[in-house]
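Okay, here's what each chain looks like letter by letter:
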Protein chains: 2
Amino acid sequence: MRIVEGGGLGRDLHVELGGPGGRRAALTAALREAVRSGRLAPGTTLPPYRSLAADLGLARNTVAEAYAELVAEGWLTARQGSGTRVADRAAPPPAAEPAPAPAARPAYDLRQGQPHTGSFPRSAWLAAARRALTAAPNDAFGPGDPRGRRELREALAGYLARARGVRTSPERIVVCSGFAGGLRLLAGLPQVRRGRPMAVEEYGLAHHRAILDLAGLRTVPVAVDARGADTAALPGTRARSVLLTPAHQFPTGGPLHPARRAAAVEWARHVDGLVVEDDYDGEFRFDRQPVGALQGLDPERVVYVGSASKSLTPALRMGWMALPAHLVEPVVEAKGVREQTLSALDQLTLAEFVESGGYDRHLRGMRQRYRRRRDQLAAALAARVPHVEVAGVAAGLHAVLRLPPGTEAAVLAAAGRAGLALDPLSAFRHPSAAGAAPDGVVVGYAAPPDHAFTATLDVLCRALARATR
Amino acid sequence: MRIVEGGGLGRDLHVELGGPGGRRAALTAALREAVRSGRLAPGTTLPPYRSLAADLGLARNTVAEAYAELVAEGWLTARQGSGTRVADRAAPPPAAEPAPAPAARPAYDLRQGQPHTGSFPRSAWLAAARRALTAAPNDAFGPGDPRGRRELREALAGYLARARGVRTSPERIVVCSGFAGGLRLLAGLPQVRRGRPMAVEEYGLAHHRAILDLAGLRTVPVAVDARGADTAALPGTRARSVLLTPAHQFPTGGPLHPARRAAAVEWARHVDGLVVEDDYDGEFRFDRQPVGALQGLDPERVVYVGSASKSLTPALRMGWMALPAHLVEPVVEAKGVREQTLSALDQLTLAEFVESGGYDRHLRGMRQRYRRRRDQLAAALAARVPHVEVAGVAAGLHAVLRLPPGTEAAVLAAAGRAGLALDPLSAFRHPSAAGAAPDGVVVGYAAPPDHAFTATLDVLCRALARATR
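Since the structure is predicted, the reported quantities are computational estimates derived from the model, not experimental observations.

Peer 1: Break down the overall build of chain A for me, with residues and values.
Peer 2: Tallying secondary structure elements over chain A gives 14 helices and 19 strands in all. The C-alpha radius of gyration computed for chain A amounts to 30 Å, which surpasses the reference 23 Å derived for 469 residues by more than 25%, pointing to a less compact arrangement than a globule. A principal-axis box enclosing the C-alpha atoms of chain A has dimensions of 90 × 55 × 45 Å. Taken over 469 residues, chain A has a buried fraction of 59%. The long-range fraction of contacts in chain A, counting pairs at least 24 apart against all pairs at least 6 apart in sequence, stands at 73%. Working note: accessible area of chain A is about 17,800 Å², and carbon and sulfur atoms make up 53% of it.

Next comes the structure, spelled out in structure tokens:
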């Protein structure tokens, strides 16, 4: 690369010849930049082609073409007889960029919602990508089916039946942008809305309630206790749909009791309603086999929604729904217009990853890893803050710590002073939930890097000890 | 893998031992399926653990755990003293799946909108993926920045400045799900809406108008002629925003005239308004350097929106916006809640693909390929239907064929009979566009596979000859 400074106008031009676009591109860019920056003022007459060409050691035609291009772009104007000049309307140089405020990162982070990012199986994923992209038909690189790639829907139908007891077929599976993307799609459907509110568990993700709010769908809370959501209360609401986390109530923990599973499905049949099953971490059950999906009890009344966000990584934004037959067309139609957002290349790779057994292998490894962390957390708490009750740890990536009444805010404050970010239990509570709100914190133990985990637990225990004694 | 048929209840069970989940999983699945299918009727009492265990050659504990799991899922009920039975509420077997209607595929396809899928650079992309994923920090596998990965925003800021004359910085770039995803985000912003309609070119994608409609944003058409959109007409509308395709009016062809580029920016400054620049195929200019982006004239008044859908593949759903400073925060906020849908892994790979020069190389190759196809199309039409005028072919992946008045429907019908799918020009016309609608068809020449291209042109020429003579 050679930097040329020509005489005359060339004084103002720094032209790097030999860059990716060739000499003409380099000259055009240099002239454009000179106008932009104000070095060439509005109204300035440019030298004739041949003088600038001689100045810069370029062909005359190269200069002529560069001028023509900048005229086309509006930087220069060319008038018969008066030569080429810098346009009057050329914009002033932009103000200096405001530096973006760097997001403050806590020193220790036990907020829920993230898997262990250091465990993403990079090599296995890349190997699957290579196999998948090499084998893919050309149409994989065109616009896709709004339901998602056939290969992925087939792999998921098999996996979900085998691992989660879901009864579905590739035709009833529709991929979506994580659980949130699926909920957004469902919330827009008249078949789901029906002019009624949606029942939700009194504890859940505020983000999910926000999605429903944004879609104009009112939510009514259903009480949650140690047996999960009180689905026997559903007939007492005006709702015709309910959002449940049957495998592991989020965030309070525990699978939905068998009688309550049955009651939810019974209710949906009775009112011609719908259950939306959020199976966000169904794969991560530690002390026995995972509880199968509620969807298996009645595939025409339950929408099963799963995702790779906890099981693999949220970076893929990959989710899937197993739909009742009557919702397939409406969802596909809504998605066709609004939501075709998932990379087909990732879909092919995930299909290959599942079919080749890589997904199962990864899940087995992560189950062990998370179980060890859970055990370490439980042991540390039992030893150092035995008065704090640990709940919801038979599964998943988080625990709920039940705190002595009135201490939640103090624990959060003590943690904050020590640089530890935590989610208060109250943040998950529906604003209209009835009864007293117990004090607690939700501890996401999956995300911290290995080298920091013990130190993070230590900070947690100290904050708990200080604020609850 | 061994298929075991036990005696007694075992007659109804087909248990495949040795599958991915082990013996307990296999037994659980077999029992679940037997209940589902109705082979085990509601109310049936199951044999005691030890008899079934003996039947199947399993440990007693394995059977006990399988029963417990199915009780938890609601398939079985266990009552003290009365043993384990099939639950009353078990669902009837689902009806046979309706076979999905296969989408009818035309024998020949010249509809616009698709790049040449056979040219996706699989090896170069996989190599970039390997480099990108190997080098990525762990946080790449966590939840991302709603603006998109920093690596990609940096690569794009450099690329767009160099190749498209865009003036931006990584802080002002926000990735989005293709152009459509960007438009959807913008259409929701009060800063864009302002209780006013949005001006659009009288020819454009109906899908884009549908997105604006869906967002409750009314559109008003601006006339289009050989010099592009008549931006001098903007002050006569109530609009405060306009959607333009300055590099190559879609679909009628031709770059926006320099005076009209200037007029669009002048208008936006005067009314405190906004230009949305759809640079859908700005890279594919054949006969001279690409016309730089309009955004370069005033980065505070123009939102530049580009995507990889034409340049690389729509399968990535990858798009990007270069935003005026005052829109960065509003877009990020809207995106944080509604639109964080792009795979971070693809973003990292694209960043590496751009930085390593792979993207430029791919574009150079495709430019040659598309130019050859354009030349072949033009030559075939000139030789065989010289009375059909070809327009808009100095750039892009499509041509507009101007037809004799009153022949558009006949050409579509003749093409249809020959198995050729084509887009009528009228399909791109705004419903409120004034004046007479010229007859024409839009020919997307990028997508057909190489081996079929000559035959497809032949079918096109014959249909044109038959219907316009």
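Peer 1: Account for the relation of the copies chain B and chain A, naming residues and giving values.
Peer 2: Both copies of the chain are tied together by a single rotation about an axis and a shift running along it. Taken as rigid bodies, chain B and chain A are interconverted by a rotation of 180 degrees and an axial shift of 0.0 Å, the fit giving an RMSD of 0.1 Å. Such a turn and shift between the copies fits a two-fold axis.

Peer 1: Could you give an account of the packing of helix H4 (residues 122–135) of chain A against helix H4 (residues 122–135) of chain B, naming the residues involved and the relevant values?
Peer 2: For the pair H4(A) and H4(B), interaxial distance at closest approach is 10 Å and the crossing angle is 170 degrees. Between H4(A) and H4(B), the crossing angle belongs to the class labelled roughly antiparallel. Within the contact between the two elements, H4(A) uses A:Arg122, A:Trp125, A:Leu126, A:Ala129, A:Arg130, A:Leu133, A:Thr134 and A:Ala135 and H4(B) uses B:Arg122, B:Trp125, B:Leu126, B:Ala129, B:Arg130, B:Leu133, B:Thr134 and B:Ala135. A breakdown of the residues in the contact of H4(A) with H4(B) according to their chemical character gives ten nonpolar, two polar and four charged.

Peer 1: Which residues make up helix H9 (residues 258–270) of chain A, and what are the values?
Peer 2: Residue and element names in this part refer to chain A. In this model H9 runs 18 Å from its N-terminal to its C-terminal C-alpha over 13 residues, within 8% of the 18 Å that 1.5 Å per residue would give. Those residues of H9 that sit buried are Arg260, Arg261, Ala262, Ala264, Val265, Trp267 and Ala268. Phi for Asp272, located one or two positions after H9, is positive at around 55 degrees.

Peer 1: Lay out the interface of chain B and chain A in plain terms, naming residues and giving numbers.
Peer 2: Taken together, the contact between chain B and chain A spans 81 residues of the former and 81 residues of the latter. In total, about 7,300 Å² of surface goes out of reach between chain B and chain A, with carbon and sulfur atoms giving 55% of it. Summed over the shared surface of chain B and chain A, the number is two salt bridges. Where chain B touches chain A, the interface holds 28 residue pairs in polar contact (both at pLDDT 80 or more). Contributing elements (two or more residues each) for the side of chain B that touches chain A: helix H1 (22–37), helix H3 (60–73), H4, helix H8 (206–214), helix H9 (258–270), helix H10 (325–338) and helix H11 (344–355) of chain B. No other element matches H4(B), which puts eight residues into the side of chain B that touches chain A. Grouping the amino acids of the side of chain B that touches chain A by side-chain chemistry returns 37 nonpolar, 19 polar and 25 charged.

Peer 1: Account for the sheet that holds strand E14 (residues 318–322) of chain A, with residues named and values stated.
Peer 2: All names here are of chain A. Spatial ordering of the open sheet is given by E6-E14-E13-E12-E11-E7-E8, a layout of seven strands whose pairing is mixed. Each edge of the open sheet is held by one strand with a lone partner, namely strand E6 (173–177) and strand E8 (219–222). Direction aside, neighbouring strands of the sheet carry axes that sit 25 degrees apart on average. Bridge count for E6 against E14 is five bridges, and the pairing is antiparallel. Its bridge partner lying in E14, Val175 is registered against Trp320. Sheet strands in contact with helix H6 (residues 178–187) are E6, strand E11 (241–244), strand E12 (274–278), strand E13 (302–307) and E14, and its direction is about 110 degrees off that of E6.

Peer 1: Which residues make up the side chain of A:Thr28, and what are the values?
Peer 2: All names here are of chain A. Residue placement: Thr28 occurs in helix H1 (residues 22–36). Overall, Thr28 belongs to the buried group, its relative accessible area being 1%. Setting aside its immediate chain neighbours within four residues, Thr28 contacts Ala66, Glu69 and Leu70.

Peer 1: Please set out the pattern of salt bridges residue by residue, giving values where relevant.
Peer 2: Pairs can form between side chains of opposite charge once their charged atoms are near each other. Here the structure, examined in full by the defined rule, presents 50 salt bridges over all chains. Among the salt bridges present, the one from B:Arg373 reaches B:Asp450, with a minimum N-O distance of 2.7 Å. Separated by 77 residues along the polypeptide, B:Arg373 in helix H12 (residues 358–384) and B:Asp450 in helix H14 (residues 450–468) bring together distant segments of the chain. For B:Asp450, a relative accessible area of 45% puts it in the partly exposed group. Beyond isolated ion pairs, a larger network of salt bridges with shared partners links A:Arg105, B:Asp139, B:Arg149 and B:Glu151.

Peer 1: Describe unusual backbone geometry, with residues and values.
Peer 2: A:Pro251 follows A:Phe250 through a cis peptide bond whose omega is -5 degrees. Position of A:Pro251 among the secondary structure elements: in the loop between E11 and H9. Of note, the phi angle at A:Asp272 is positive, near 55 degrees, even though the residue is not glycine. With respect to the secondary-structure elements, A:Asp272 resides in the loop between H9 and E12. For B:Arg194, which is not a glycine, the phi torsion comes out positive at approximately 50 degrees.

Peer 1: Residues and numbers for helix H11 (residues 344–355) of chain A, please.
Peer 2: All names here are of chain A. A rise of 1.5 Å per residue sets the reference length of H11, with its twelve residues, at 16 Å; its end C-alpha atoms lie 16 Å apart and thus fit the reference within 8%. Counting buried residues along H11, ten of its twelve residues qualify, which places the element largely inside the surrounding structure. Taken residue by residue, H11 has Ala344, Leu345, Asp346, Gln347, Leu348, Thr349, Leu350, Ala351, Phe353 and Val354 as its buried positions. Of the residues flanking the start of H11, the one acting as N-cap is Ser343, its side-chain oxygen 3.2 Å from the backbone nitrogen of Leu345. Immediately downstream of H11, the backbone of Gly357 shows phi near 90 degrees, a positive value.

Peer 1: Can you lay out the confidence of the model for chain A for me, pointing to particular residues and giving the numbers?
Peer 2: Residues and elements named next belong to chain A. Looking at chain A, the pLDDT average stands at 89 and 91% of residues meet or exceed 70. Segment residues 1–7 is flagged for pLDDT under 50; beyond a separation of four residues in sequence, or across chains, it makes 21 contacts in the model. When the criterion is pLDDT under 50, residues 92–96 qualifies, and its contacts beyond four places in sequence or with other chains add up to six contacts. Confidence metrics for the complex model read pTM 0.84 and ipTM 0.82.

Peer 1: If you had to explain the packing of aromatic side chains to someone new, which residues and values would you point to?
Peer 2: Using the criterion set out here, one finds 18 aromatic pairs over all chains in the structure. Here A:Phe353 and A:Tyr359 contribute two aromatic rings whose centre-to-centre distance is 6.4 Å and whose plane-to-plane angle is 70 degrees, an arrangement assigned as edge-to-face. This pair shows no difference in class: A:Phe353 is buried, exactly as A:Tyr359 is. Through pairs of rings, three or more aromatic residues link up here, namely A:Phe120, A:Trp125, A:Tyr159, A:Phe353, A:Tyr359 and B:Phe141. Stacked on the ring of A:Phe453, the Lys or Arg A:Arg373 has its end atom at 4.4 Å from the ring centre.

Peer 1: Go over the environment of B:Pro405 with me, naming the residues and quoting the values.
Peer 2: With respect to the secondary-structure elements, B:Pro405 resides in the loop between strand E16 (398–402) and helix H13 (408–417). For the pair formed by B:Pro405 and B:Ala78, sequence separation is 327 residues and the distance between their alpha carbons is 79 Å.

Peer 1: Which residues make up the packing of helix H2 (residues 49–56) of chain A against helix H3 (residues 60–73) of chain A, and what values go with them?
Peer 2: All names here are of chain A. Viewed as axis vectors pointing N to C, H2 and H3 meet at an angle of 115 degrees, and their least axial separation amounts to 8 Å. In the crossing of H2 with H3, the sense of the turn from one axis to the other is right-handed. Listed contacts from H3 to Tyr49, Arg50, Leu52 and Ala53 of H2 are Arg60, Val63, Ala64 and Tyr67. When its residues are assigned to classes, the contact of H2 with H3 shows six nonpolar, no polar and two charged.

Peer 1: Describe the pairing of strand E16 (residues 398–402) of chain A, with residues and values.
Peer 2: As a general feature of sheets, a regular strand has side chains that alternate between the two faces. Residues and elements named next belong to chain A. Extensive coverage of E16 is indicated by the burial of four of its five residues. Alignment of strand E15 (residues 389–391) against E16, held across three bridges, turns out to be antiparallel. Bridged to Val390 within E16 is Leu401. What sits between E15 and E16 in their antiparallel hairpin is a turn of six residues, with Gly392 showing a positive phi close to 70 degrees. In this sheet, strand E19 (residues 440–444) lies alongside E16 in antiparallel orientation, the contact comprising five bridges. Of the residues in E19, the one forming a bridge with Leu401 is Val441.

Peer 1: Explain the environment of A:Gly273 to me, and be specific about the residues and the numbers.
Peer 2: Relative to the helices and strands, A:Gly273 is located in the loop between H9 and E12. Measuring from C-alpha to C-alpha, the distance between A:Gly273 and A:Ala379 comes to 44 Å, with 106 residues separating the pair along the chain.

Peer 1: Give a detailed account of the sheet that holds E16(B), specifying residues and quantitative values.
Peer 2: Residues and elements named next belong to chain B. In spatial order, the strands read E15-E16-E19-E18; together these four strands make up an open sheet with antiparallel pairing. Two strands lie at the open edges of the sheet, namely strand E15 (389–391) and strand E18 (423–424), each paired on one side alone. Sheet analysis places E18 next to strand E19 (residues 440–444), joined by two bridges and oriented antiparallel. Each bridged residue has a counterpart across the sheet, and for Pro424 the counterpart in E19 is Val441.

Calculation criteria
Residues numbered from 1 in each chain as written. Chains lettered and ligands numbered in written order. Predicted model: local features only at pLDDT ≥ 70, side-chain atom pairs only at ≥ 80, totals over all residues. Heavy atoms only, no water. Helix = DSSP H or I, 4+ residues; strand = E, 2+ residues; numbered from the N terminus. Rg over C-alpha atoms; globule rule 2.2 N^0.38 Å. Buried < 20%, exposed > 50% of the residue type's maximum accessible area, 1.4 Å probe, protein only. Contact = heavy atoms within 4.5 Å. Areas by Shrake-Rupley, 256 points an atom, 1.4 Å probe, with all protein chains shown as cover. Least-squares fit on C-alpha atoms with pLDDT ≥ 70 in both. Axes fitted to C-alpha atoms, helices over the stretch in contact; angles between N-to-C directions. Parallel < 35°, antiparallel > 145°, perpendicular 65-115°, else oblique. Nonpolar A, V, L, I, M, F, W, Y, C, P; charged D, E, K, R; others polar. Expected span 1.5 Å × (residues − 1). Buried area = accessible area lost by both parts, 1.4 Å probe. Salt bridge = Lys/Arg side-chain N within 4 Å of Asp/Glu carboxyl O. Polar contact = N/O pair within 3.5 Å; in protein donor to acceptor, adjacent residues only side chain to side chain. Pairing = 2+ DSSP bridges. pLDDT = per-residue confidence, 0-100. Phe/Tyr/Trp six-rings, centres within 6.5 Å; stacked < 30°, edge-to-face > 60°. Lys NZ or Arg CZ within 6 Å of the ring centre and 35° of its normal. Left-handed = near helix turned anticlockwise from the far one by under 90°.

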